[in-house]
Every structure is written in structure tokens, then in C-alpha cells.
Amino acid sequence: MGVFASTDDPVSTGHEQIVFCQDKQSGLKAIIGIYSTALGPALGGTRFYPYASEDAALADVLDLSRGMAYKNALAGLDLGGGKAVIWGDPEQIKSEALLRAYGRFVESLAGRYYTACDVGTYVADMDIVARETRYVTGRSVEHGGAGDSSILTAWGVFQGMRAAVEHVWGTPSLRGRRVGVAGLGKVGKYLTAHLLEDGAEVVATDVNPKALEWVRTNHPQVTLVDDAAALVAADIDVYAPCALGGALNDETVPALRAKVVTGAANNQLAHPGIEKLLADRGILYAPDYVVNAGGVIQVADEIEGFNFDRAKLRATRIYDTTREILHLADSEGVPPAVAADRLAERRMAEVGRLRTIHLR
Ligand SMILES: NC(=O)c1ccc[n+]([C@@H]2O[C@H](COP(=O)([O-])OP(=O)(O)OC[C@H]3O[C@@H](n4cnc5c(N)ncnc54)[C@H](O)[C@@H]3O)[C@@H](O)[C@H]2O)c1
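- In the annotation of an unreviewed UniProt entry, the chain is listed under the name Valine dehydrogenase and assigned to Micromonospora acroterricola.
- Annotation of the chain in UniProt includes, under Sequence similarities (unreviewed entry), the sentence "Belongs to the Glu/Leu/Phe/Val dehydrogenases family."

**Some thoughts on the site of the ligand**
Then comes step 1: Around the ligand sit 18 residues in total, of which S149, T153, V187, D206 and A243 are the nearest.
Then comes step 2: Measuring from an oxygen atom of the ligand, one finds a backbone N or O atom of K186 at 3.0 Å.
Then comes step 3: A distance of 2.7 Å separates an oxygen atom of the ligand from a polar backbone atom of A243.
Then comes step 4: In isolation the ligand has 830 Å² of accessible area, and contact with the protein removes 72% of it.
Then comes step 5: Of all elements in the fold, only α6 (150–169) and α7 (186–197) reach the threshold of two or more residues within the shell around the ligand.
Then comes step 6: When the residues that make up the shell around the ligand are grouped by side-chain class, the tally is eight nonpolar, eight polar and two charged.

**A short note on the side chain of T121**
Then comes step 1: Turning to its location among the elements, T121 is positioned in the loop between β6 (113–114) and α5 (123–129).
Then comes step 2: Given the relative accessible area of 4%, T121 is considered buried.
Then comes step 3: In terms of polar contacts, T121 uses its side chain to reach the backbone amide nitrogen of D118, at 2.8 Å.
Then comes step 4: Beyond its immediate sequence surroundings of up to four residues, T121 is in contact with T46, F48, K94, A116 and M126.

**Things to note about the sheet that holds strand β9 (residues 223–224)**
Then comes step 1: In spatial order, the strands read β9-β8-β7-β10-β11-β12; together these six strands make up an open sheet with parallel pairing. The sheet terminates laterally at β9 and β12 (284–285), the two strands that pair on one side only.
Then comes step 2: Contacts from α6 reach β7 (178–182), β10 (238–241), β11 (260–261) and β12 within the one sheet, and its direction differs from that of β10 by about 155°.

**Focus: the pattern of salt bridges**
Then comes step 1: Under the definition given, this model contains 21 salt bridges.
Then comes step 2: Between D78 and R347 there is a salt bridge, with its nearest N and O atoms 3.3 Å apart. With a gap of 269 residues between them, D78 in the loop between α2 (54–74) and β5 (80–87) and R347 in helix α16 (residues 336–352) connect regions that are remote in the sequence.
Then comes step 3: With a relative accessible area of 56%, D78 lands in the exposed category.
Then comes step 4: With its nearest N and O atoms 2.6 Å apart, the salt bridge here joins E201 to R178. With E201 in strand β8 (residues 201–205) and R178 in strand β7, this residue pair connects regions lying 23 residues apart in the sequence.
Then comes step 5: E201 gets classed as partly exposed once you look at its relative accessible area, which sits at 41%.
Then comes step 6: By relative accessible area, which is 25% here, R178 ends up partly exposed.

**Quick look at the layout of surface pockets**
Then comes step 1: Taken as a whole, the second largest pocket holds about 240 Å³ of empty space.
Then comes step 2: Here the element with the most residues in the lining of the second largest pocket is helix α13 (residues 294–303); it accounts for three residues.
Then comes step 3: Its residues placed into classes, the lining of the second largest pocket shows eight nonpolar, two polar and five charged.

The rules behind each value
- Here the residue index of a chain counts from 1 through its sequence in written order.
- Selection of residues for local features in this predicted model requires a pLDDT of at least 70, selection of side-chain atom pairs for listing and counting requires 80 or more, and totals for whole chains, interfaces and linings are taken over all residues.
- Excluding hydrogens and water, the side-chain figures rest on all heavy atoms present in the structure.
- UniProt positions are given in the numbering used here, feature names are shortened, and annotations may be inferred rather than shown by experiment.
- Being near a molecule or strand, for a residue, means having at least one of its heavy atoms within 4 Å of it.
- Here a polar contact is taken to be a pair of N or O atoms separated by no more than 3.5 Å, where protein atoms must pair a possible hydrogen donor with a possible acceptor and residues adjacent in sequence count only if both atoms sit in side chains.
- Calculation of accessible area relied on Shrake-Rupley with a 1.4 Å probe; when residues are assessed, cover is drawn exclusively from the protein chains displayed.
- The secondary structure listing takes helices from DSSP runs of H or I that are at least 4 residues long and strands from runs of E that are at least 2 residues long, numbered from the N terminus.
- Lys, Arg, Asp and Glu make up the charged group, whereas Ala, Val, Leu, Ile, Met, Phe, Trp, Tyr, Cys and Pro make up the nonpolar group; the residues left over, Gly among them, are polar.
- The buried label goes to any residue with under 20% of its type's maximum accessible area, the exposed label to any with over 50%, and the partly exposed label to all in between, with areas taken from a 1.4 Å probe on protein chains only.
- Residues count as neighbours in contact if any of their non-hydrogen atoms are within 4.5 Å of one another.
- Strands qualify as paired when DSSP identifies two bridges or more between them.
- Helix axes are fitted only over the stretch in contact, all axes being lines through C-alpha atoms; the angle between N-to-C directions runs from 0 to 180 degrees.
- Salt bridges are identified by distance alone: a Lys or Arg side-chain nitrogen within 4 Å of an Asp or Glu carboxyl oxygen.
- Cavities and pockets were defined on a 1 Å grid built over protein atoms only: a cavity is a set of grid points that admits a 1.4 Å probe from which the probe cannot escape, a pocket is an open set flanked by protein on both sides within 12 Å along at least five of seven lines, and lining residues are those with an atom within 4 Å of any such point.
- Grid points are joined across faces, edges and corners, and a volume is the space filled by probe spheres set on the points.

Structure (C-alpha cells):
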């Protein structure tokens, strides 16, 4: 495994530590990226993915670990940002030995990095990793874990949406608003229920017939449209991307009729510059990593011994954080995505600095 062969030089990206891990017998090749521990141990999941190259795996872990530092800072957690990638096809190579070998590398960092689930890793995998390390969260309920994170993710997205709607129309209520939900999966379903309860009209779509059937049965008042393109073009006030990344792109943004975008999907902006396109069209975008932090708030809470009410209270504060970001964006004349980054950097600098006060 070549080390630091990438053009994404970790020194220039500002990461604290990048750890390359290999166990030839089990086939483990992993990279753990710690972007910042200014606020506490770095927390972020393990992505298990068949990257095309080591460079691609490294680029992803550098990007994702940095993103986690910002997300955790804005979620108000006393946790820094990190992430790990395991390079390989989980269908082919995932085994007890590989996961436990990975757990031993996590343990070797002595608490500088806490891992959790991400794409390609599941609660059951974290239970195996935990046989070798204390520094793992996102575990099964039988092992003190918090279970399904989509419940609090949806709650947090709803809180972020309340703040965004208030910013545009003066009241945090969704009553009478038409909200388009793209993706009726784990998060989209819970979000739909919160919206209906608050008096919103929901228009939705999904590519999975089972998800559509679920909505027809449980929420017959929801209007279903053919696809995401139809939803974007529909007469909606708020657009909630809750499926895959890249929902906001050069095709969708010019066609979008909604005035607010707030959804659960990660990486909604297809490329840099889309946030400006949104602003130019007068569309308020509540940054994805701010509003979808309910899941990380949940796994972080598990580190202390999971308490649902405490975690829900923290996820409810996404309303206040989103409000603050939108006000900052207005006062500094920048898009909300830029304001969010500034607020995260401010917290990392101001709170992180306190560690320079010597205790003993
Ligand atoms: N689950 C969490 O706790 C959590 C936390 C943070 C962020 N997210 C992000 O939120 C999004 C949704 O997560 P989830 O857990 O609900 O996933 P999920 O897989 O349960 O649901 C996604 C849904 O989107 C549908 N879908 C896929 N492509 C579509 C398309 N082109 N048009 C319409 N629907 C489409 C799928 O059929 C599925 O029902 C993802 O981007 C995820 O990364 C989830």
C-alpha cells in the first residue's frame, strides 16, 4: 500500500493524523483520518467500499473526516471530526477477522478516534469491532446501542426546516405549506409524519414501489408524483431531498419552484457554485450537514450511555443552530453553507483554545 501517494496532500488539507492500517491475512486495508480533536475525540463512521484506487480511498477519508469535524462542531458535541474507510468490497471480504483486526487499530489510537456505522457497515459489524475496542458507537440495542438513527435524523431535519421556513415566511409552522419529500426511506417516512402532524401538505416520490405502498397505506393524504423531476417542477414551498446526494444540480435548481430546501440527504450540492445558483434564484438552502446531524447526535449520546430524551433535546437544538446560521448568512452577506462553515470554525477555535488552560 503506497502511503501519501495522493495529490490530496494531508498536510495541506490540515488533518491532524492519517493512519494507514493493514492486516494481510484478513485482507484489511483501512485508512483512519482524524481531521481535528480540538473539541474532543474524533467521531465518524467507517465506510466499507470498493474504491477504484488507494488515492480514491484516501481522498474520500480526507474529505469525510473534515466534514465530520464541521458537522460535530455545529451539532454542539464535545467531539472532533474523523472518519475511516476500509478499502474493498464488503460483499467479498467482510469477515469477523477483518472487522476485529480493524477494531484493534481503532483501539491502538487510545480514544483519539471513535468509530460508528457508515455506508457498507452495520450495527452488527460494530458489535464485532467492539470485541477489540472500546472506542466504537452505533451498536445494537442489546449491547447498549441506540438503534435506528433515522428517528432523530428526521426530527432534526424537521427542526431545521422550521427554522428555514420561519426565516422566509416569519413563522416556524409548516401549517398550510406544501412540502415535497424526495425519498420515502427510513428518514423520509418519519419526516413525512412530522410534517403532516404540523399541518403541512406533503407531495412525495420514491423509486421503490414498497415505499410508495407504505405511504398509500399509512398516509393516504400524501400526493404522490412520478419522480424527483416532477417533484422539483411541482408547486411546492419547501423541497426536502431525502434520497441520494447531488439532488441540487444544474438541472434541478433552475427548475425548482420551492423557496426553501431542507432535507436529510448528504451532499445535496452537486458541485461548488450550486449554493450561489440557489441564492441567485432566491432559494434558501439550509445546509444538509447542519440539519441532518440528528443521527450523529444519537450515536454520540450512546458514548455516555444512551438516553433518548437527552438525545432528542440535543437534536431539537438544530432549530436554534439553523436559525443562527441563516441570520449570520444575512448579516455577513454569504450563502448559508459558508456561514455554517464559519460558525463551525469559530466554535472549534474558541472552545478548542480552552485546552490551553493548564489544569494540572
Ligand atoms: N438514516 C440516517 O440516520 C441518516 C443520517 C444522516 C443523513 N442521512 C442521509 O439521508 C438520506 C436518506 O437516508 P435513509 O436512511 O432514509 O436512506 P434509505 O435508503 O432508507 O432511503 C432512501 C430512499 O430514497 C429512495 N430513492 C433512491 N433514489 C431515489 C430517486 N432517484 N428518487 C426518489 N427516491 C429515491 C429509496 O428508494 C429509499 O426509499 C441519505 O442520503 C442518507 O445518507 C441519513
